Amino acid sequence: MSAATGPMLPRFKACPADGVRAEFGVCRGDPIRHIQDLILGDTFLPKRDARWVTVQSDDILHETFTLDLAANVPTQELVTLAELVFMTTTGQRLDVFVTVCCGKLYFVSDTEFRSGVEYVLIDIHRREDAVVPAFIPEQDAVVVPMTVGEPAKATSPNLRLIG
């Protein structure tokens, strides 16, 4: 650790939430795509082909994580929505952060879900103060129609009328 880089924050493993499905419970058989799909008491099973990637925590409270997709792609920020506690049928505890990036849900933990092991969701702590950046589609932009036959007016000193 050098003085220029500061303290090294811990690394975690992240998996898209649709790499896990509800094995028993309300959303049985469905992949997890929304935080509302996580229901206390439901049993979850990771898919065998679930893809885990390394992410880095951006702060001590783990409010955000950084995901490097590729060298030529900007890093993505995973924003923490909730903290989950899972328990295996053999009594092992797994603490997981539910995060979101570009509208997609991710599970982030210091250890991966083990393939073939069932996890029961026993606790959810939502982070009510989580701020998630939202993408606003172009079609939602306000369009002001111009009246036919009426000349255009400059509304800003930086705009110049042409024609």
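Worth saying up front: this structure is predicted, and the values here are computed from it rather than measured.

Visitor: Give a description of unusual backbone geometry that names residues and reports values.
Guide: The backbone of Cys102 sits at a positive phi, close to 55 degrees, despite the residue not being glycine. Along the chain, the position of Cys102 falls in the loop between β7 (93-101) and β8 (104-109).

Visitor: Help me get a handle on the packing of aromatic side chains, residues and values and all.
Guide: Aromatic ring pairs are defined here through the distance separating the ring centres and the angle between the ring planes. Evaluation of the coordinates by the stated rule reveals 10 aromatic pairs. Ring centres of Phe12 and Phe65 lie 5.3 Å apart, and the angle between their planes is 80 degrees; this geometry places the pair in the edge-to-face category. Linking Phe12 in strand β1 (residues 11-16) with Phe65 in strand β5 (residues 64-67), this pair joins segments that are 53 residues apart in sequence. By relative accessible area, which is 9% here, Phe12 ends up buried. Look at Phe12 and Phe97: their rings are 6.2 Å apart centre to centre, the planes differ by 90 degrees, and that puts the pair in the edge-to-face class. Linking Phe12 in strand β1 with Phe97 in strand β7, this pair joins segments that are 85 residues apart in sequence. According to the relative accessible area criterion, Phe97 is buried, its value standing at 12%. Grouping aromatic residues by their ring pairs yields a cluster made of Phe44, Trp52, Phe86, Phe107, Phe113 and Tyr119.

Visitor: Break down the pattern of salt bridges for me, with residues and values.
Guide: This model, assessed by the stated rule, comprises three salt bridges. Residue Arg21 pairs with Glu23 through a salt bridge whose shortest N-O separation is 2.6 Å. Judged by its relative accessible area of 28%, Arg21 falls in the partly exposed class. Here Arg93 ties to Asp95 by a salt bridge, and the two come within 2.9 Å at their closest N and O atoms.

Visitor: Tell me what's going on with the nonpolar core, and back it up with residues and numbers.
Guide: Of all hydrophobic cores here, the largest spans 26 residues; its most connected members are Leu38, Phe44, Leu84, Phe86, Phe107 and Phe113. Looking at this core, the elements with two or more residues in it are β2 (20-24), β6 (76-88), β7, β8 and β9 (119-126). The greatest single-element share of this core, amounting to five residues, is contributed by β6. Of all hydrophobic cores here, the second largest spans 10 residues; its members include Ala14, Val55, Cys101 and Val108.

Visitor: Report on the side chain of Gln76, specifying residues and quantitative values.
Guide: Considering the arrangement of structural elements, one finds Gln76 in strand β6. For Gln76, a relative accessible area of 18% puts it in the buried group. Among all residues touching Gln76, those that are not within four sequence positions of it are Phe65, Thr66, Leu67, Leu69, Cys101 and Cys102.

About the criteria used
- Residues numbered from 1 in each chain as written.
- Predicted model: local features only at pLDDT ≥ 70, side-chain atom pairs only at ≥ 80, totals over all residues.
- Heavy atoms only, no water.
- Helix = DSSP H or I, 4+ residues; strand = E, 2+ residues; numbered from the N terminus.
- Phe/Tyr/Trp six-rings, centres within 6.5 Å; stacked < 30°, edge-to-face > 60°.
- Buried < 20%, exposed > 50% of the residue type's maximum accessible area, 1.4 Å probe, protein only.
- Salt bridge = Lys/Arg side-chain N within 4 Å of Asp/Glu carboxyl O.
- Core = buried A, V, L, I, M, F, W, Y, C linked by side-chain atoms within 4.5 Å.
- Contact = heavy atoms within 4.5 Å.

Read these as layout, nothing more, since geometry by itself doesn't imply function.
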